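# Structure at a glance
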Amino acid sequence: AVTDADLDRARAASAEAPGAAVHATGKELIADPDVDAVVVTSWGPTHEEYVLAAVAAGKQVFCEKPLATTRAACERIVDAEVAAGRRLVSVGFMRRYDAQYRALKAVVEKGEIGAPLLMHAAHRNPSVPDHYTSDMIINDTVVHDIDVARWMFDEEIAAVTVLKPRVSGKAKAGFHDPLLVLLETESGVIVDVEASVNAGFAYDIRGEVVCEDGTAELSESAGVLVKQAGAVRSRVPSDWRERFAAAFDAELQAWCDAVAAGGTTGPSSWDGYATTVCCETGLAALRSGVREPVELRVRPDLYRTGDP
């Protein structure tokens, strides 16, 4: 079954899946007894409504990030899932399914290069659409790096500081672009994230973990490095789809496999909640200009085991 704010698009999508029903609203789709599980990829502010409806119906739900756009909304989802007594929600942080990031985490976890001390990250977009706002640099772009940091080191973010470099001449009016976001984990690992949303040249994602006895980093790009005639050339992805298409596919397939087996997998409602709180804290740090502590509620037992 399918629905969309633009029903013509929903009908077009259903034509590619013979037998798929078209529903007028998301809640109507969720209530359909023929629907076993739900995928939410609508506009962020609608996520809470649909996820809560799916939880109330006892149906597994995959929700694209963000889980919800505010701390309070995420807490309502966490409370509903805890009351249900089992995990029903998976949040779409697809970098956890990217082959390069998974290889990087494996090196860090193995411990052969010592304990992690620092992580350097960069998230460079060639440009952003007109509807993109300055706050989205934190809650739509850096949100991925926040989740990666929590997942990479298996601990929460304790504080956020945001530094404002010289503003790019390509930045839209009123934007502080680029930003340097500093994340402090509970054990003291410092993660610096360079966020540039009008880089122009390509979609450039970087990550390096500095440990006591060595470093590990993502490869420069998904392509090959060619050396010829005294020069070096390689390809940098032109947009997020080129860089992360395989991760999106792996993420959704893993969720489908888990649901078919009677459970769920991947980032939890707690991950969605904690990341949203970090984003809110990052926005506070952007405005205050000082280090802001991240204040989380007590983690429910439901989220103390299972997927990191």
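These numbers come from a predicted model, not from an experiment. (Residues numbered from 1 in each chain as written. Predicted model: local features only at pLDDT ≥ 70, side-chain atom pairs only at ≥ 80, totals over all residues. Heavy atoms only, no water.)

By volume, the largest pocket amounts to about 1500 Å³. For the lining of the largest pocket, the secondary-structure elements that each account for two or more residues are strand 2 (60–64), helix 6 (136–153), helix 7 (240–260) and helix 8 (269–288). Class assignment of the residues belonging to the lining of the largest pocket gives a composition of 20 nonpolar, 17 polar and 7 charged. Of the pockets and cavities examined, the second largest pocket occupies roughly 410 Å³. For the second largest pocket, the lining is made up of 20 residues, of which Thr3, Asp4, Val39, Thr41 and Ser42 are closest to its centre. Of all the secondary structure elements, the ones that give two or more residues to the lining of the second largest pocket are helix 1 (7–15), helix 2 (26–31) and strand 1 (37–40). Split by residue class, the lining of the second largest pocket holds 12 nonpolar, 6 polar and 2 charged. (1 Å grid on protein atoms, 1.4 Å probe; cavity = no way out; pocket = protein on both sides within 12 Å on 5 of 7 lines; lining within 4 Å. Points joined across faces, edges and corners; volume = space filled by probe spheres on them. Helix = DSSP H or I, 4+ residues; strand = E, 2+ residues; numbered from the N terminus. Nonpolar A, V, L, I, M, F, W, Y, C, P; charged D, E, K, R; others polar.)

Moving on to helix 4 (residues 71–84). The terminal C-alpha atoms of helix 4 lie 20 Å apart, and with 14 residues this matches the ideal 20 Å at 1.5 Å per residue to within 8%. Packed against the buried residues of helix 4 are helix 3 (47–56), strand 3 (89–92) and helix 8. (Expected span 1.5 Å × (residues − 1). Contact = heavy atoms within 4.5 Å.)

We now examine the sheet that holds strand 1. Pairing within the open sheet is parallel, and its 3 strands lie in the order 1-2-3. Among the strands making up the open sheet, the edge pair consists of strand 1 and strand 3. Mean inter-strand twist for the sheet, computed between neighbouring axes without regard to direction, equals 15°. Across 4 bridges, strand 2 lies against strand 3 in parallel orientation. (Pairing = 2+ DSSP bridges. Axes fitted to C-alpha atoms, helices over the stretch in contact; angles between N-to-C directions.)

Tracing the backbone shows Ser268 in the loop between helix 7 and helix 8. Looking at Ser268, its side chain comes within polar contact range of the main-chain nitrogen of Trp270, at 3.2 Å. (Polar contact = N/O pair within 3.5 Å; in protein donor to acceptor, adjacent residues only side chain to side chain.)

A few words now on the packing of helix 5 (residues 99–110) against helix 6. Packed helices, taken two at a time, are described by the angle their axes make and the gap between the axes. Following both chains from N to C, one finds helix 5 and helix 6 inclined at 35°, their axes separated by 9 Å at the closest point. Residues Tyr101, Arg102, Leu104, Lys105 and Val108 of helix 5 form the contact with helix 6, whose own contacting residues are Val148, Trp151, Met152 and Phe153. Among the residues making up the contact of helix 5 with helix 6, the classes are represented as 7 nonpolar, no polar and 2 charged.

What follows covers the pattern of salt bridges. In the structure shown here, the tally under the stated rule is 23 salt bridges. Residue Arg124 is joined to Asp204 by a salt bridge in which the shortest nitrogen-to-oxygen separation is 2.7 Å. Taken together, the residues Arg124 in strand 4 (residues 116–124) and Asp204 in strand 8 (residues 204–211) connect sequence positions 80 residues apart. You'll find Arg124 and Asp204 in the same group, each marked buried. Residue Asp135 is joined to Arg287 by a salt bridge in which the shortest nitrogen-to-oxygen separation is 2.7 Å. (Salt bridge = Lys/Arg side-chain N within 4 Å of Asp/Glu carboxyl O. Buried < 20%, exposed > 50% of the residue type's maximum accessible area, 1.4 Å probe, protein only.)

Geometric descriptors of this kind do not, in isolation, establish any biological role.
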